[in-house]
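The chain contents come next:
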Amino acid sequence: MENIDVIVIGSGIGGLTAAALLARYGKRVVVCESHTVPGGAAHSFKRRGFEFDSGPSFYCGLTGAKSLNPVKQVLDALGESLQTVAYDPLGHYHLPNISFPVYSNAERYCEEIAKRTPQGAREWKQFADRLLPLYEAMKDIPSLVLRADWQLVLVLIGRYLPSLFKMLPNLPLVQSSAGSVMDATVKDPWVRQLIDLECFLLSGLKAHGTIAPEVAFMLGERSRTHVEYPTGGSDAIVKALVRGLERWGGELLLGHHVEQILVETFHGKTRDDKTHDKAQQDKTRHGASLHRVTGVRLKTGQTLKAPVVISNASLWDTYSHLLQPEDLPPSFCKTALSTPAVDSFMHLHLGIRAEALENLTGHHVVVHDGHKDITVPGNTCMISIPSVWDATLAPFGHHVIHAYTLEPFTGWERNNGYEQKKQEKAQTLYRALERIIPDIRERVVLELIGTPLTHAHYLRRDRGTYGPAIEAGKGMFPGTQTPIQGLYRVGDSTMPGIGVPAVAASGILCANTLVQPRQTEELLKVL
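Quick caveat, the model's predicted, so the values are computed rather than measured. (Residues numbered from 1 in each chain as written. Predicted model: local features only at pLDDT ≥ 70, side-chain atom pairs only at ≥ 80, totals over all residues. Heavy atoms only, no water.)

### Points about the overall build of the protein
Put simply, the rule reads: Each helix is a run of DSSP H or I of at least 4 residues and each strand a run of E of at least 2, with the numbering of both proceeding from the N terminus. Radius of gyration: C-alpha atoms only; globule rule: 2.2 Å multiplied by the number of residues to the exponent 0.38. Three exposure classes are used, based on accessible area relative to the maximum for each residue type with a 1.4 Å probe and protein chains only: buried under 20%, partly exposed in between, and exposed over 50%. Note on contacts: a residue pair is in contact if any heavy atoms of the two residues lie within 4.5 Å.
Across its full length, the protein carries 19 helices and 20 strands. Radius of gyration (C-alpha) of the protein: 23 Å, near the 24 Å computed for a compact globule of 527 residues. Considering only C-alpha atoms, the protein reaches an extent of 70 × 55 × 45 Å along its principal axes. The proportion of buried residues among the 527 residues of the protein is 58%. Considering only contacts within the protein whose residues lie at least 6 apart along the sequence, 74% involve residues at least 24 apart.

### Quick notes on the side chain of Arg292
Counted only if it meets this: Throughout this description, a polar contact denotes any pair of N or O atoms lying within 3.5 Å of each other; where both atoms belong to protein, one of them has to be capable of donating a hydrogen while the other can accept it, and for residues adjacent in sequence the pair is counted only when both atoms sit in side chains.
If you trace the backbone, Arg292 turns up in strand S12 (residues 289-298). According to the relative accessible area criterion, Arg292 is buried, its value standing at 13%. A polar atom in the side chain of Arg292 sits 2.4 Å from the side chain of Glu264.

### Observations regarding the packing of helix H1 (residues 13-24) against helix H2 (residues 70-78)
Where we set the bar: For helices, the fitted line uses only the C-alpha atoms of the stretch in contact; every axis is such a line through C-alpha atoms, and the angle between N-to-C directions lies from 0 to 180 degrees. Crossing handedness follows the turn of the near helix against the far one: under a right angle anticlockwise gives a left-handed crossing, and clockwise gives a right-handed one. Here the nonpolar group is Ala, Val, Leu, Ile, Met, Phe, Trp, Tyr, Cys and Pro; Asp, Glu, Lys and Arg are the charged ones; every other residue, Gly included, is treated as polar.
Packing of H1 against H2 leaves a shortest axis separation of 10 Å and a crossing angle of 30°. In this structure, H1 meets H2 at a crossing whose hand is left-handed. Along its contact with H1, which presents Thr17, Ala20, Leu21 and Arg24, the element H2 presents Val74, Ala77 and Leu78. Considered class by class, the residues forming the contact of H1 with H2 number 5 nonpolar, 1 polar and 1 charged.

### Section: the sheet that holds strand S17 (residues 380-384)
Convention followed: Pairing between two strands requires that DSSP report at least two bridges joining them.
Taken together, 7 strands build an open sheet; the order of strands is S8-S7-S16-S17-S18-S15-S19 and the sheet is mixed. For this open sheet the edge positions go to strand S8 (98-102) and strand S19 (444-450), each flanked by a neighbour on one side alone. Averaged over all pairs of adjacent strands, the angle between their axes in this sheet comes to 15°, without regard to strand direction. In this structure, S17 lies alongside strand S18 (residues 398-407), joined through 4 bridges in antiparallel fashion. Looking at the pairing, Cys381 lines up with Thr405 of S18.

### Some words on the sheet that holds strand S20 (residues 487-489)
Taken in spatial order, the 5 strands line up as S10-S2-S1-S14-S20 in an open sheet, and their pairing is parallel. Two strands close off the open sheet at either side, each with one partner strand: strand S10 (251-254) and S20. Here the average twist between neighbouring strands, direction ignored, is 20°. Judged from the 4 bridges that link them, strand S1 (residues 6-9) and strand S14 (residues 308-311) form a sheet pairing that is parallel. Residue pairing in the sheet places Val8 in a bridge with Ile310 of S14. On the sheet, H1 packs against S1, strand S2 (29-33) and S14 and is oriented at approximately 160° with respect to S2.

### A few points about the pattern of salt bridges
Quick note on the threshold: Each salt bridge in this description consists of a side-chain nitrogen of Lys or Arg and a carboxyl oxygen of Asp or Glu lying within 4 Å of one another.
This structure, assessed with the given rule, holds 23 salt bridges. A salt bridge links Asp439 to Arg443, with the nearest nitrogen and oxygen atoms 2.9 Å apart. By sharing partners, the salt bridges in this structure join Glu136, Lys139, Asp140 and Lys166 into a single network.

### Remarks on the nonpolar core
Stated precisely, the cut-off is as follows: We define a nonpolar core as any set of buried Ala, Val, Leu, Ile, Met, Phe, Trp, Tyr and Cys residues linked to one another through side-chain atoms lying within 4.5 Å.
Ranked by internal contacts, the top residues of the largest apolar core, which has 111 residues, are Ile13, Trp124, Phe127, Leu131, Ile195, Val215 and Ile310. Setting aside residues no more than four positions away along its own chain, Trp124 makes contact with Tyr109, Cys110, Ile113, Val191, Ile195, Glu198, Leu219 and Arg222. By size, the runner-up hydrophobic cluster in this structure holds 25 residues, among which are Cys32, Val293, Leu315 and Trp316.

### Re the domain arrangement of the protein
What counts is decided by this rule: Domain borders in the structure are assigned automatically or taken from a domain database. In this description, buried area is defined as the sum, over both parts, of the accessible area (probe of 1.4 Å) that is lost when the two are combined.
Once the domains are mapped, the protein shows domain 1 (1-42 + 61-76 + 231-268 + 288-340 + 470-526), domain 2 (104-224) and domain 3 (345-407 + 413-450). Here domain 2 and domain 3 have C-alpha centroids that lie 30 Å from each other. Of the residues lining the interface, 5 residues belong to domain 2; the matching set on domain 3 comes to 8 residues. With both chains or domains summed, domain 2 and domain 3 bury close to 570 Å², and 83% of this area falls on carbon and sulfur atoms. Viewed at the interface, domain 3 and domain 2 are joined by 1 salt bridge. Its salt-bridge partner being Lys206, residue Asp373 comes within 2.6 Å of it at the nearest N-O pair. Here domain 2 is connected to domain 3 by 1 residue pair in polar contact (both at pLDDT 80 or more). Tallied by class, the residues present in the side of domain 2 that touches domain 3 amount to 3 nonpolar, no polar and 2 charged.

### With respect to the side chain of His363
Within the secondary structure layout, His363 lies in strand S16 (residues 363-367). Within the structure, His363 has its side chain in polar contact with the side chain of Tyr87 (distance 3.1 Å). Every residue in contact with His363, bar those within four places of it in the chain, is listed here: Ser57, Phe58, Tyr87, Leu90, Gly91, His92, Ile383, Ser384 and Trp389.

### Focus on the packing of aromatic side chains
Applied cut-off: Pairing of aromatic side chains here covers Phe, Tyr and the six-membered ring of Trp, requires ring centres within 6.5 Å, and sorts the geometry by plane angle: under 30 degrees stacked, over 60 edge-to-face, intermediate tilted.
Across all of its chains, the model carries 14 aromatic pairs by this definition. Aromatic pair Phe100 and Trp190: ring centres 5.6 Å apart, planes at 50°, arrangement tilted. Note that Phe100 is positioned in strand S8 and Trp190 in helix H9 (residues 189-203), a separation of 90 residues in sequence. Each member of the pair, Phe100 as well as Trp190, is classed as buried.

### Some thoughts on unusual backbone geometry
Between Asp88 and the following residue, Pro89, the backbone shows a cis peptide bond with an omega angle of 10°. With respect to the helices and strands, the residue Pro89 is situated in the loop between strand S6 (84-86) and strand S7 (91-95). With a phi angle near 65°, Ala356 is a residue other than glycine that sits in the positive phi range. The topology assignment puts Ala356 in the loop between strand S15 (344-353) and S16. By relative accessible area, Ala356 is classed as exposed at 62%.

### Some details on the pairing of S2
Defined as follows: Note on handedness: a crossover is taken as right-handed if, strands pointing away from the viewer, the path from the first strand over the helix to the second is clockwise.
Most of S2 is tucked away: 5 of the 5 residues are buried. Burial along S2 is two-sided: Val29, Val31 and Glu33 and Val30 and Cys32, pointing in opposite directions, are all buried. Taken together, S1, H1 and S2 constitute a β-α-β crossover, and its handedness is right-handed. Bridge count between S2 and S10: 4 bridges; the pairing is parallel. Within S10, the position partnered with Cys32 by the bridge is Leu253.

Structure follows, in structure tokens:
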């Protein structure tokens, strides 16, 4: 544990991405994970022969030369790859009184919409056509070159000037919401509800709360690359990142809970000041008092020293639990901790008998009540049946199922009524599953119910949340940098969007910010 350059707290996708990429750059990196398995919200677990994904279930662009998925680009840099199964349609939407397939092919999707509303299908196409030029401008700039400091401007001007020119006509869209584009192109109420649903699945917010670039990227990627499932589930992605980390000299320490980030106060610029934050450098030159990371203290009492610490914990956990109150400016801490959070979820993991389910498909979204908002807890249910694509996830003749829906943390307690409340809250997920498998209850051989308390406990997530709920135009995501020199953050509370690509991108931004642009340039030349 001597001469560590970077300590990463947490082995979620964001933390593993940052750690593995920094190891690839030649840094001595150690990842400290509280759990006995890596992956954070993307970890897998096994029960009685069934293997379950704890979180993400939908993937796009994990393979293929054209993919812009940040995970694919990082795995390329690490010399790793995945085996996947491609499929289309990408899923089925089950709305009140109607069910229909959702194709990754834009024309086929429009045909399905036209069966319900021909005018709405034309308006959907106008909506997509307005956003896709933004995707075309973005797609020429790979995620692997991005960084979270001022030097990004030099990188973009020096290497991607033609793409920047393509971006100019689309600049009004960059900070606008998908809802504003929808208002300008779509009048059909059913298609507007459909767009709200797609945005909710993407960001946790409806169209007016979701930034337009996020939707543009989603529309472009799913029609341009493969929609696919990694063989072995989300665990395959985690294992590939861990292999890459260790291949390049990094180390993963499981069961190593970080209790505190160690911070010291100093005055003026010191000889060993290695900060890459220009604002911090300016402050030290003027003799201001600053806080600087020195390492971490584990629950065991052991101390690990390093000049850089990257927290993959949420912003609430990082600032409330891992740091002392005096480590942060009070105004900054108050603002950060008041960031609105996405609710937690109810999860239903099932092992079921699979006889007579030969035509079963893998992804489903069920909206119970069209008169209720789709964000009402329990109204919109997401269902994944990954054993449709990878039979090894379940014993022979069986399927694994993961169903989940929004659920607030407030009101949950581990008391005498906890088990009964779990069963009651799981009923909305069972009703959703009955839209796909009517006799689902008779098929169950294994039932596991997760609550917001489960999230908070196993993932060490404040209130079991999935990250900030910052609406488009109402604030910026906090980003990777902090007021403390040497302390950086990655994960779902640093980047907009829910899911693996967003958190992987946060890891790339953080890692690149900690090295010189020429090092990233050299890596790109090798690739």
